[in-house]
Amino acid sequence: MANAFFQPVSAMELARFAGVPTFMRLPALTSDDDRMDLVELGLVGIPWDGGTTNRPGARHGPRQLRDQSTMIRAMNPVTGVAPFELVNCADLGDVPPNPVDIEDTLDRVTRFYTDLTLRGIVPLTAGGDHLTTLPVLRALASDGPLGLIQFDSHTDLFDSYFGGHKYTHGTPFRRAVEEGLVDPERFVQVGIRGTAYNTEDIEWGEAQGIRIIRIEELFDRGIDDVMAEVRSIVGDAPCYCTYDIDFVDPTHAPGTGTPEIGGPNSSQAQQVIRKLEGLNLVGADLVEVSPPFDPAGGTAWLGISLMFELLCVLAQAIDARR
């Protein structure tokens, strides 16, 4: 049973529209708080979108996700998981970005997550654009390459943009493989679709051994069959899950930087996460929620609901490693 201090505020005691909107109404801690040593799972925001190549706005994602998260309750009625009873969870705030310097921001993120890793805290992150995953992996893969499960409509495996710039939200996983942060033989992408510049990203990824599952294959085979393959690829060794909200069809998630039609609905978006139960997950993120393109917050509500699903499987993974 988790420490009582780390339980979220109940809407039976304080109305959802009242109080400070922390992630899922959890206590907010700073790095110098004595109770940081008790935290097992930390929710973190990375409010930065300096890697975006078209529609900006994901820097505002963590704030809107926090606001929408006041609607999250304490138990998953489908899986029966009550994550806040399994592990001590807290909102650990935002990584302070440098909005005018990409590489300095990447370094700041890595330092922040290295501290969490040294404390034994498993991170669940709200982005930010998808480049923010790279510095997180730099911290988490300090002991060796991780497996990676990526739900996305884009591969993010391009080498560079605009004449050689290596750090954009279309390049993070090429860098992650090149830097030895991710084992390409234990790397699977699900949901890839949309028109293309060319086939450079696909060809490079497949040459490394990355398993790329297009949306057509997911729909043809079904979620159960595809996710069984995903589980077999990452195996029992430590792995990370990164979830781009544009994996979901824009009819359900219009508030994102690069929407692509023909994706899963919101129910299917939940189902793929639930199939991660029992994997050796060491962290996860939900990225690319861009509030300016959905000011009413529907995309953020879906996003934080998916983060709750990720929280459930992460809490189970932490509990299993005890």
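Residues numbered from 1 in each chain as written. Predicted model: local features only at pLDDT ≥ 70, side-chain atom pairs only at ≥ 80, totals over all residues. Heavy atoms only, no water.

Turning to the packing of helix 1 (residues 61–68) against helix 10 (residues 298–320), a few remarks are in order. The interhelical angle for the contact between helix 1 and helix 10, taken along N-to-C directions, is 75°, at an axis separation of 8 Å. Taken together, helix 1 and helix 10 sit at an angle that is classed as roughly perpendicular. Residues Gln64, Leu65 and Gln68 of helix 1 form the contact with helix 10, whose own contacting residues are Ala300, Trp301, Gly303, Ile304 and Met307. (Axes fitted to C-alpha atoms, helices over the stretch in contact; angles between N-to-C directions. Helix = DSSP H or I, 4+ residues; strand = E, 2+ residues; numbered from the N terminus. Parallel < 35°, antiparallel > 145°, perpendicular 65-115°, else oblique. Contact = heavy atoms within 4.5 Å.)

So, on to the environment of Phe158. Its place among the elements puts Phe158 in the loop between strand 4 (146–151) and helix 5 (172–178). Distance in space between the C-alpha atoms of Phe158 and His169 is 9.4 Å, their sequence separation being eleven residues. Ignoring any residue separated from it by four or fewer positions in sequence, one finds Phe158 in contact with Gly170, Thr171, Arg174, Arg175, Tyr197, Asn198, Glu200 and Asp201.

Between Gly127 and the following residue, Gly128, the backbone shows a cis peptide bond with an omega angle of 20°. Looking at where Gly128 falls in the secondary structure, it is placed in the loop between strand 3 (122–127) and helix 4 (133–140). At Met24, a position not held by glycine, the phi torsion is positive, near 55°. Mapped onto the secondary structure, Met24 falls in the segment before strand 1 (41–46). A positive phi angle, close to 50°, is found at Phe162, a residue other than glycine. Relative to the elements of secondary structure, Phe162 occurs in the loop between strand 4 and helix 5.

What follows deals with the packing of aromatic side chains. What the rule picks out here adds up to ten aromatic pairs. With 5.3 Å between their ring centres and 45° between their planes, Phe151 and Tyr243 make a pair best called tilted. Of this pair, Phe151 sits in strand 4 while Tyr243 is found in strand 7 (residues 239–244), placing the two residues 92 residues apart along the sequence. According to the relative accessible area criterion, Phe151 is buried, its value standing at 0%. Overall, Tyr243 belongs to the buried group, its relative accessible area being 0%. Considering the side-chain rings of Phe158 and Tyr197, the 5.9 Å spacing of their centres and the 80° angle between planes classify their relative orientation as edge-to-face. Of this pair, Phe158 sits in the loop between strand 4 and helix 5 while Tyr197 sits in the loop between strand 5 (182–192) and helix 6 (200–208), and the two are 39 residues apart along the sequence. Its relative accessible area of 11% is what places Phe158 among the buried residues. Of the residues examined, Tyr197 reaches a relative accessible area of 68% and is grouped as exposed. (Phe/Tyr/Trp six-rings, centres within 6.5 Å; stacked < 30°, edge-to-face > 60°. Buried < 20%, exposed > 50% of the residue type's maximum accessible area, 1.4 Å probe, protein only.)

Turning next to the sheet that holds strand 7. Strand order in the open sheet formed by eight strands is 2-1-3-8-7-4-5-6, and the pairing between neighbours is parallel. Each edge of the open sheet is held by one strand with a lone partner, namely strand 2 (89–94) and strand 6 (211–214). In this sheet, adjacent strand axes meet at a mean angle of 15° when their direction is disregarded. Where strand 7 and strand 8 (residues 281–287) come together, five bridges link them in parallel fashion. Paired with Cys241 across the two strands is Ala284, which belongs to strand 8. Its contacts with the sheet put helix 1 on strand 1, strand 2 and strand 3, and the angle it makes with strand 3 is roughly 105°. Relative to the sheet, helix 10 contacts strand 1, strand 2, strand 3, strand 7 and strand 8, its axis offset from that of strand 8 by approximately 175°. (Pairing = 2+ DSSP bridges.)

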